Amino acid sequence: MMPLMVQILGTAARLSGAIAIAVVAGTTAAAQDMLMRQGFRDDFTAPMLNTKRWFISDGWTNGKHQDCEWSKKAVSVREGFLRLAHIPAEGDRKPLCGEIQARAFLQYGTIEARVRTPRGSGLNASIFTYTGPTYKAPHDEIDIEVLTRDTSEITFNTFVSGKMANGEVVSVDPPIDEAFHTVAMTWEPDRITWYLDGQEVHRTAEGSELPDHPQKIYMSFWSTTMLIDWMGEQGPREGPLEYLVDWVAYTPAGQSCLFEGSVTC
């Protein structure tokens, strides 16, 4: 589980990013919500990102703990993959890093993705849901994170009103930098269940306090020079690293089997 400092910084991080996108992500909300209610599976085979569904974080950082800047230059769709890059600094420029977020909110249902991360100390590759004060809601969050200094592990946890809970670390074999793995989480009013390659690996304890506010899906790849106890120290590197997403899907609560191989089938 993350130390208290990381919990506090995580809260600030989500807030600062949300403030920066509050205006641009608010257009055509009814159409976006309809797309989310129908569910989707995005396999990134189109030559460009579906910007009706996704917004690219660009031009800010989420706080002092994040040493890279979100940038459109670090997000691409190529050869059937969403590629979230970490691009080393050049001169006085900050490193650049990639994040996309859903334009619409969801409440309950199943999120699944087939992903592969690079290996590199000091970086975090994640898929998660989030809401917070910018959206006039408490900080609620459901996380799947790979701290890429150790790609043989995946971390799961929640935030409820800004407090971290329900944490677990699960082994991955082969390591996620060596092979793609499918990660998933099913969010229900009374439980959250996490899956790895179709098998349940963690669920919230009965009676646990759970997130219950509508949230947005995020996928991100970022770095730190501050949180080294948690994420490790970055080493010298010549070129970019890429976090690859083969596909991502959302099945609304009450629906099942929107695509073959879903954990909802």
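Residues numbered from 1 in each chain as written. Predicted model: local features only at pLDDT ≥ 70, side-chain atom pairs only at ≥ 80, totals over all residues. Heavy atoms only, no water.

Another aspect to go through is the environment of Val146. With respect to the secondary-structure elements, Val146 resides in strand β9 (residues 140-147). Val146 sits in the buried class, given a relative accessible area of 4%. Those residues in contact with Val146 that lie beyond four places of it in its chain are Thr117, Leu123, Asn124, Ala125, Thr151, Glu153, Ile154 and Ile176. (Helix = DSSP H or I, 4+ residues; strand = E, 2+ residues; numbered from the N terminus. Buried < 20%, exposed > 50% of the residue type's maximum accessible area, 1.4 Å probe, protein only. Contact = heavy atoms within 4.5 Å.)

Judged by nonpolar contacts, the single largest core of 44 residues is most densely connected at Trp54, Leu82 and Ile127. When residues in this core are grouped by element, the largest group, 5 residues, is from strand β16 (residues 241-252). Setting aside chain neighbours within four positions, we find Ile127 in contact with Ile111, Ala113, Ile142, Asp143, Ile144, Val183, Met185, Ile217, Tyr218, Met219, Tyr243 and Val248. Phe55, Trp60, Leu147 and Leu227 belong to the second largest nonpolar core, which has 10 residues in total. (Core = buried A, V, L, I, M, F, W, Y, C linked by side-chain atoms within 4.5 Å.)

This part is about the packing of aromatic side chains. Any two aromatic rings considered together are summarised by their centre-to-centre distance and by the angle between their planes. On inspection of all chains with the given rule, the structure shows 11 aromatic pairs. A centroid spacing of 5.0 Å and a plane angle of 85° characterise the contact between Phe105 and Tyr135, whose relative ring orientation is edge-to-face. Taken together, the residues Phe105 in the loop between β6 (96-102) and β7 (109-116) and Tyr135 in the loop between β8 (123-131) and β9 connect sequence positions 30 residues apart. Centre to centre, the rings of Phe156 and Trp194 are 5.8 Å apart; their planes meet at 35°, and the pair counts as tilted. In this pair, Phe156 sits in strand β10 (residues 153-160) while Trp194 sits in strand β13 (residues 191-196), placing the two residues 38 residues apart along the sequence. The exposure class of Trp194 is buried, given its relative accessible area of 0%. By way of ring pairs, the aromatic residues Phe40, Trp54 and Tyr250 are connected into one cluster. (Phe/Tyr/Trp six-rings, centres within 6.5 Å; stacked < 30°, edge-to-face > 60°.)

It is worth spelling out the confidence of the model for the chain at this point. Per-residue confidence for the chain averages 89 on the pLDDT scale, and 88% of its residues sit at or above 70. Considering only residues more than four positions removed or in separate chains, one finds that residues 1-27, a stretch of pLDDT under 50, has 53 contacts. (pLDDT = per-residue confidence, 0-100.)

Further remarks concern the environment of Pro175. Positionally, Pro175 belongs in the loop between β11 (163-171) and β12 (181-188). Separated by 57 residues in the primary sequence, Pro175 and Pro118 have C-alpha atoms spaced 9.9 Å apart. Not counting chain neighbours up to four residues away, the residues in contact with Pro175 comprise Arg119, Thr151, Ser152 and His181.

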